[in-house]
Amino acid sequence: MYRLEQVAVRYGAVEALAPTDLAIGAGDTLMLLGPSGSGKSTLLRCLIGLSPYTGTVSFRGEPVPDWRALRPQLGYVIQNGGLFPHLTARANVALMARELGWEKDRIVARMRELAALVALDADQLERFPRELSGGQRQRVAIMRALMLDPEVLLLDEPLSALDPVTRVRLASDMREIVAKLGKTVVMVTHALGEARFFGGETVLMRDGRIVQRGPIDDLAANPADDFVAEFIAAEEAL
Amino acid sequence: MRNARRLAHPRPLPQAGGEKVCTPYPSRLREGLRDLLSIAKLVAAGWAIATLMHVSPTHAETVGSKAFTESVILGEIARITLEDAGIPAEHRRQLGGSRILFDAVRAGEVDLYPEYTGTLRFEILSGEKLASDADLPAALARQGLRLSKPIGFSNGYALAMRPEVAKKYGLRSISDLARHPNLRVAVSNEFVDRADGWRALSAAYGLDAIAVRGIDHDLAYRALRDGQVDVIDVYTTDAEIAADGLFLLADDRAFFPAYDAVFVMRVGLDPKAIAVLDGLAGTIDEARMQQLNRMVVIDGASETDAARAALGQEATASAGRGLVARIAQRTIEHLTLVAIALGAALVVAIPLGVLAARSPRAGGLVIPATGLLQTIPSLALFVMLIPLLGIGAKPTIAALFLYSLLPIVRNVHAGLMGIPRSLRESADALGLSPWAKLRRIELPLALPTIMAGIRTAAVIAVGLATLGALIGAGGYGQPILTGIRLNSTPTILEGAIPAAALALLIEGAFHLIERASVPRGLRPRG
């Protein structure tokens, strides 16, 4: 689905992402794991054209010429949902579909489908973001990301701002959704438990570089270097 | 009244940027933007009304007058004289000061106005250093203007005393003062300091031994009446001279320059009108003018009646319009000024604010530029606009428009810049076009800040529009100006109270508009 060749991101003197090669297959679930500042969010944002990168990002074999045209095929969810406070949950979800001129019936039907998928009721959809709980907001954000039925779901620490109970509940619902939809999923997390919970492959990052890639249990069993061993040990300890 | 002779000189005006009209919004629109759109429609309607209002039905001769009583009386005298001779005439009363009138007659906005030779020589044409009044006609001709024959009185400086005090000391002229250094002399503060004021006078007449005090001119007559001072400086046609029966000391060494009353006219004025006005020559002397001023300032007659009295005509029973009708009329005038200026400012300032937020370079240019406009003193701005736009509503609207730009531009900019990056990126991540992002996300999120800016601009405009009366735009400034001129508090309040009420009303109205237009998700929780 994605192929990155020598993709790098630099903010002034700071190298946020060193030149990186990465391939992501269709239907893959890939967890970007690492400590704060390791470049995992920067890498994820390269996959939707929000980071100003050098190098080549190819989507379905073609270098991306115009990110805006591609974005309807990509769903993006961030830590606090990124919902627009002036729009109701429903308007947030329907925004882009309306912009693209979808028929009203089609929007309503799609919303109903998605609401059932993320377990929100119609009443909750009429509320403004601030009238929803943190977990409900993330469910709305997932609805919004899925509205146009994208091929790829990009998740930037979607669970980090939630309390433990909400987090576990949303995580298992998300795993179910991901499994049901069979989409390509790339998710940033700093928690080893989440990487293990969602399965798939994990890319462990440090200082803007990919240190090791593989199923999380392989990383634990065969750490590429001391950092990997230490990071996994520290995560397991708590 | 003293200040009427002094007014800021015009400076070249920084041209306002080309008016860029923002493209119409497509049909589906956030409520707030719809409000802005309806304001824009209001503006269009306003322009139409203003244009209709300013179509002059006839080519009547236009008489202008300055914002003090004597000038208004003289303007009425000119109007009535012209009309009696069968020449249609209108009088645009109390249009601010000399500079405004001079520019207006030069621009052809008025055809004539009453002026004083001294004012022409020492203020308006001061750069030409004219040696005497005899040089004035040639200097004015170069500006396309001519002078009427002198009306007959001079409104110059003089020293005044109570007659019994003058008699007691045997004083007839200013030179007699030198023999009585113990007299208490009080002159206007400005007269004390001016080089051609007391110091020069004292040197010319040898009055060094007299200790002179500065005093506020308005208090001087009272101090003289109460016997607290013996000698004050006056203008030779002040109403109080007639009312208090004061004695003027002769200027026996011809120290004070002449301020002979004349009409300044366009060269192209109808020769018949010129002849009629020249027929007024020598008809009004100082004592008569003092009486006419007294009729209006002290006895409360209308300027029209004073003018009729000057022309030997009966006073008319001029039943003025009722208070409510007057206020209603001025409210319409005032609101029209504010609505058109504000509407035009919205059309220009919102795109400018967006541009400033989009491009730091443009922002670095636009925001200081609008800020600079704000620092131009309002009266100076009004005066600067006269050569471009004439007098009346147009320059007033232009000035209000310029002053409205800053609060709106700045708040649009601040509102857009205050949107969290995560929300801007979420909009990008959805694939919204820049225009859709601006319309659906950024402007609605910035709306509370933008509305606050518009409200500020509106309230400022309501206040500043009162100054429009100085250049003939009408509105609530009209009675304020008249009230100041006649020293009549009720008349001042007739303009000041509605102006304050309108400002409050606009505040209230904007709160309602804000409540209706700001989405529930952004409103403060209460």
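Refer to the structure above for everything that follows.
None of the values given here were measured: they were computed from a predicted structure.

Caption draft 1: Spatial organisation of the overall build of chain A. When its secondary structure is counted, chain A shows 10 helices and 10 strands. At 18 Å, chain A has a C-alpha radius of gyration in line with the 18 Å of a compact globule built from 238 residues. With the C-alpha coordinates aligned to their principal axes, the bounding extent of chain A is approximately 55 × 40 × 35 Å. Buried positions account for 53% of the 238 residues belonging to chain A. Residue pairs in contact within chain A that sit at least 24 positions apart in sequence constitute 68% of those at least 6 positions apart. A total accessible area of about 10,400 Å² is found for chain A, and carbon and sulfur atoms account for 49% of it. Within chain A, one finds 27 positive and 31 negative side-chain charges whose respective centroids are separated by 6 Å.

Caption draft 2: Highlighting the pattern of salt bridges. Residue and element names in this part refer to chain B. Inspection of the entire model under this criterion finds 39 salt bridges over all chains. Across the pair Lys66 and Glu115 runs a salt bridge, and its minimum N-O distance is 2.6 Å. Taken together, the residues span a long stretch of sequence, with Lys66 in the loop between strand S1 (61-64) and helix H2 (69-84) and Glu115 in strand S3 (residues 112-116) at a distance of 49 residues. Like Glu115, Lys66 is buried. Its salt-bridge partner being Arg421, residue Glu425 comes within 3.8 Å of it at the nearest N-O pair. Here Glu425 and its partner Arg421 are both found in helix H18 (residues 421-430), four residues apart, which amounts to about one turn of the helix. Looking at Glu425, the relative accessible area reads 13%, which means it is buried. You can call Arg421 exposed: its relative accessible area is 52%. Within this structure, Glu76, Arg79, Glu83, Arg93 and Glu303 form a network of salt bridges that share partners.

Caption draft 3: The sheet that holds strand S2 (residues 14-24) of chain A, seen in detail. Residues and elements named next belong to chain A. Strand order in the open sheet formed by four strands is S2-S1-S4-S5, with antiparallel pairing between adjacent strands. One side of each edge strand has no neighbouring strand; the edge strands of this open sheet are S2 and strand S5 (62-63). Pairing geometry for strand S4 (residues 53-59) and S5, over two bridges, is antiparallel. Paired with Phe59 across the two strands is Glu62, which belongs to S5.

Caption draft 4: Expanded view of empty space enclosed by the protein. Counted under the stated rule, the structure contains three cavities of 30 Å³ or more. Of the pockets and cavities examined, the largest cavity occupies roughly 150 Å³. Taken together, 17 residues line the largest cavity, and the ones lying closest to its centre are Leu74(A), Arg144(A), Ala145(A), Ala429(B) and Leu430(B). Residue assignment for the lining of the largest cavity shows that the elements contributing at least two residues are strand S6 (74-77), helix H3 (89-99) and helix H6 (134-146) of chain A together with H18 of chain B.

Caption draft 5: Spotlight on the side chain of Thr482(B). All names here are of chain B. Note that Thr482 resides in helix H20 (residues 477-486). Here Gln94 takes part through its side chain, which lies 2.8 Å from a polar atom of the side chain of Thr482. Beyond its immediate stretch of four places on either side in the chain, Thr482 contacts Gln94 and Thr491.

Caption draft 6: Region of interest: the interface of chain B and chain A. Taken together, the contacts link 27 residues of chain B with 24 residues of chain A. Between chain B and chain A the total buried area reaches about 2,300 Å² when both faces are included, carbon and sulfur atoms providing 60% of it. Considering only the surface of chain B that becomes buried against chain A, Ala429(B), Leu430(B) and Arg520(B) emerge as the three largest contributors, covering 25% of it. Where chain B packs against chain A, one counts three salt bridges.

Caption draft 7: Just the pairing of S3(B), in detail. All names here are of chain B. Across the five residues that make up S3, a large majority, five, are buried. Burial along S3 is two-sided: the face carrying Leu112, Pro114 and Tyr116 and the face carrying Tyr113 and Glu115 are both buried. In this structure, S3 lies alongside strand S10 (residues 261-266), joined through five bridges in antiparallel fashion. Bridged to Pro114 within S10 is Phe263.

What counts as what
Starting from 1, residues in each chain are numbered consecutively following that chain's sequence as written. All chains are assigned letters beginning at A, and all ligands numbers beginning at 1, according to the order in which they are written. Restriction of local features to residues with pLDDT of at least 70 applies here, the model being predicted, together with a cutoff of 80 or more for giving and counting side-chain atom pairs; totals for whole chains, interfaces and linings are based on all residues. Heavy atoms from the whole structure form the basis of all side-chain values; hydrogens and water molecules are not counted. Where helices and strands are cited, they refer to DSSP runs of H or I of at least four residues and of E of at least two residues respectively, numbered from the N terminus. Throughout, radius of gyration means the C-alpha value; the globule benchmark is 2.2 Å times the number of residues raised to the power 0.38. Type-normalised accessible area, obtained with a 1.4 Å probe on protein chains alone, sets the label of each residue: buried when under 20%, exposed when over 50%, and partly exposed for intermediate values. The criterion used for residue contact is that any of the two residues' heavy atoms lie within 4.5 Å. Using a 1.4 Å probe, the Shrake-Rupley method yields the accessible areas, and only the shown protein chains count as cover for residues. For the charge count, each Lys or Arg is scored as positive and each Asp or Glu as negative, with His and the chain ends excluded. The location of each charge is read from NZ of Lys, CZ of Arg, CG of Asp or CD of Glu. Salt bridge, as used here, is a side-chain nitrogen of Lys or Arg placed within 4 Å of a carboxyl oxygen of Asp or Glu. Paired strands are those between which DSSP finds at least two bridges. Only protein atoms enter the 1 Å grid, on which a cavity is a set of points fitting a 1.4 Å probe that cannot get out and a pocket is an open set with protein on both sides within 12 Å along at least 5 of 7 lines, lining residues being those with an atom within 4 Å of a point. Grid points are joined across faces, edges and corners, and a volume is the space filled by probe spheres set on the points. Contacts described as polar in this section are N or O atom pairs within 3.5 Å, which, within protein, must combine one atom able to donate a hydrogen with one able to accept it, while residues neighboring in sequence count only if both atoms come from side chains. A simple way to read buried area is as the amount of 1.4 Å-probe accessible surface that goes missing from two parts once joined, with both sides added.

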